[in-house]
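Secondary and tertiary structure notes
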Amino acid sequence: NSFCTLLVHQPSLGVPRRVGKKPRSKVLGSPCSHVLVGNTQRAMVVFEYRVVLPYTLAEFSRGFEYACERQRAEVMASSANGETADREITTTFDGVPDVVVSHGRVPGRELLCQRGTFMRNKLNLGTRFPGWVRAILPKEALIIREEYWSAFPYTFCRYSSELFPKCLDYTIESMHHGSDLGARSDVFGCMTDAEAKQCKLHVLDITEPIKATGGVVQHDPTTFQSTVTGRGPLRGPRWWESDEHATMPMMCVYKRAKCHLRYVPWSNSIETAVLDSTVRDMAVHSFRNMFCWMDDWIVDA
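Note on numbering: residues in each chain are counted from 1, in written sequence order. Totals for whole chains, interfaces and linings use every residue, but because this is a predicted model, local features are given only for residues with pLDDT of at least 70 and side-chain atom pairs only at 80 or more, for both listing and counting. Here the side-chain values reflect all heavy atoms present in the structure, with hydrogen atoms and water set aside.

Observations regarding the overall build of the protein chain
To keep it simple, the criterion reads: Numbering of helices and strands runs from the N terminus; a helix is a DSSP stretch of H or I covering at least four residues, while a strand is a stretch of E covering at least two. Only protein chains enter the calculation, and the probe is 1.4 Å; a residue is then buried if its accessible area is under 20% of its type maximum, exposed if over 50%, and partly exposed in between. Note on definitions: a residue-residue contact is assigned when non-hydrogen atoms from the two residues lie within 4.5 Å. Per-residue and other accessible areas were derived by the Shrake-Rupley procedure at a 1.4 Å probe size, with only the shown protein chains allowed to occlude residues.
Scanning the protein chain from terminus to terminus reveals 7 helices and 10 strands. A burial count over the protein chain gives 52% of its 301 residues as buried. Across the protein chain, the fraction of contacts at a sequence separation of at least 24, relative to all contacts at a separation of at least 6, is 75%. For the protein chain, the accessible surface area stands at approximately 13,600 Å², while carbon and sulfur atoms represent 52% of it.

Okay, here's the thing in structure tokens:
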């Protein structure tokens, strides 16, 4: 299942952090260098996220699929905000997708992503965005197409607006490493110098709660212990550095997210809010629940 189909299940995005004057420019550049938007010069928002989890890669693959389906079902059943996520296509692909070649930054991705599963979803974000965003964008702009290529442990996801296909450039590239505590600095080693300079690193900790959607359960890994594996409770912060958890398997999810809105007022504020409230909060929320649901899926891993 696509990691970001859960976008429609996350908290509403906040107000823009800063709205100010934008400098004039005639500069065009690479996806992470300065881009001309109308008469403004600004840069695409790029984040790298790292999430350490107490699983083998095989366990994670099974558990993540279970968590996506369960959380999607629970949230969609309780949502009153108009969000929907419709699966349009599920099939296999054979051959490296062009977008992986052009937009991916993981070394060796052409070998990792030669074949796998492709899914296309139609996301209606409903009232998930706050009023100030909905005032800028027409209602149809909140219908997003999601394309997801899974060749685990490598995955790639692209989002586009059905109404304005050239306005939204939003991609998430993920790499999953076993026996890993999140210390790799070369996972996205094909970034340009400009991209590497701009990219902001966030280490996420599933013992730290985030603001959740109203009516949606957010479980607590600091109080849960698996009766099947004995794993937990996790003692945070940075629980993976504790000797108490040294006997558990460890892995890390590395994600690089890029978001660029063209021809949209306050685009930098919206881009940052999108990444903060989708990739970051979604990862923490989903992985917290996945850990606490462990006894429901670990036997099948």
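With respect to the sheet that holds strand E5 (residues 115-124)
In any sheet, the strands associate via hydrogen bonds between backbone groups, in a parallel or an antiparallel arrangement. Quick reminder of the rule: Strands are labelled as partners when DSSP assigns at least two bridges between them. Every angle, taken between N-to-C directions, lies between 0 and 180 degrees, and every axis is a line fitted to C-alpha atoms, over only the stretch in contact when it is a helix.
As summarised here, the arrangement of the 8 strands in space is E4-E5-E6-E7-E8-E10-E3-E9, forming an open sheet in which the pairing is mixed. Whereas interior strands pair on both sides, the edge strands pair on one side only; in this sheet they are strand E4 (84-94) and strand E9 (200-204). Between one strand axis and the next, the sheet turns by 15° as a mean value, whatever way the strands run. With 9 bridges connecting them, strand E3 (residues 45-53) and strand E10 (residues 251-261) associate as antiparallel partners. From the neighbouring strand, Val-52 faces E10, where its bridge partner is Cys-252.

As for the environment of Arg-256
Locating Arg-256 in the fold gives a position in strand E10. Sequence separation of Arg-256 and Arg-105 is 151 residues, and the distance between their C-alpha atoms is 8.7 Å. If we skip the residues at most four places from it in the chain, Arg-256 touches Val-46, Phe-47, Glu-48, His-103, Arg-105, Thr-171, Ile-172, Glu-173, Phe-188, Met-191 and Glu-195.

Examining the pattern of salt bridges
To keep things clear, this is the line we draw: For this analysis, a salt bridge means a side-chain nitrogen from Lys or Arg found within 4 Å of a carboxyl oxygen belonging to Asp or Glu.
Applying the stated criterion to the full structure yields 12 salt bridges. Between Glu-147 and Arg-158 there is a salt bridge, with its nearest N and O atoms 3.1 Å apart. Of this pair, Glu-147 sits in strand E6 (residues 143-151) while Arg-158 sits in strand E7 (residues 154-161), and the two are 11 residues apart along the sequence. On the accessibility criterion, Arg-158 (28% relative accessible area) is partly exposed. The salt bridge partner of Glu-241 is Arg-238, with a shortest N-O separation of 2.8 Å. For Arg-238, a relative accessible area of 40% gives the class partly exposed.

Focus: the side chain of Asn-289
Note the following rule: Pairs of N or O atoms within 3.5 Å make up the polar contacts considered here, provided that, within protein, one atom can donate a hydrogen while the other can accept it, and that residues adjacent in sequence are counted only when both atoms are side-chain atoms.
Summarising the element assignment, Asn-289 is placed in helix H6 (residues 267-292). Within polar-contact distance, the side chain of Asn-289 engages the backbone nitrogen of His-219 at 2.8 Å.

Points about the pairing of E7
Burial analysis of E7 places 7 of its 8 residues in the buried class, the great majority of the element. Where E6 lies against E7, 8 bridges are found, and the strand directions are antiparallel. Bridge pairing in E7 links Glu-147 to Arg-158. From the end of E7 to the start of strand E8 (residues 168-178), which pair antiparallel, there are 6 residues.

Here we look at the nonpolar core
Counted only if it meets this: Joining through side-chain atoms within 4.5 Å is the link that ties buried Ala, Val, Leu, Ile, Met, Phe, Trp, Tyr and Cys residues into a set, and such a set is a nonpolar core.
In terms of nonpolar packing, the biggest core is built from 65 residues, with Leu-53, Tyr-55, Phe-60 and Phe-287 touching the most fellow members. Not counting chain neighbours up to four residues away, the residues in contact with Leu-53 comprise Phe-60, Ile-206, Trp-239, Pro-249, Met-250, Met-251, Val-253 and Phe-287.

Describing the confidence of the model for the protein chain
In low-pLDDT regions, the fine details of the predicted coordinates are not to be read closely. Operational definition: Values of pLDDT, ranging from 0 to 100, describe the predictor's confidence in every residue of the model.
Of all residues in the protein chain, 71% have pLDDT values of 70 or greater, and the mean over the chain is 79. Taking the mean pLDDT of every element in the protein chain, the minimum, 34, falls on strand E1 (residues 34-37) and the maximum, 98, on helix H3 (residues 109-112). The low-confidence segment residues 3-42 (pLDDT under 50) makes 119 contacts with residues lying over four places distant or belonging to another chain.

Some words on the side chain of Ser-174
With respect to the helices and strands, the residue Ser-174 is situated in strand E8. For Ser-174, a relative accessible area of 2% translates into the label buried. In terms of polar contacts, Ser-174 uses its side chain to reach the side chain of Lys-255, at 2.6 Å.

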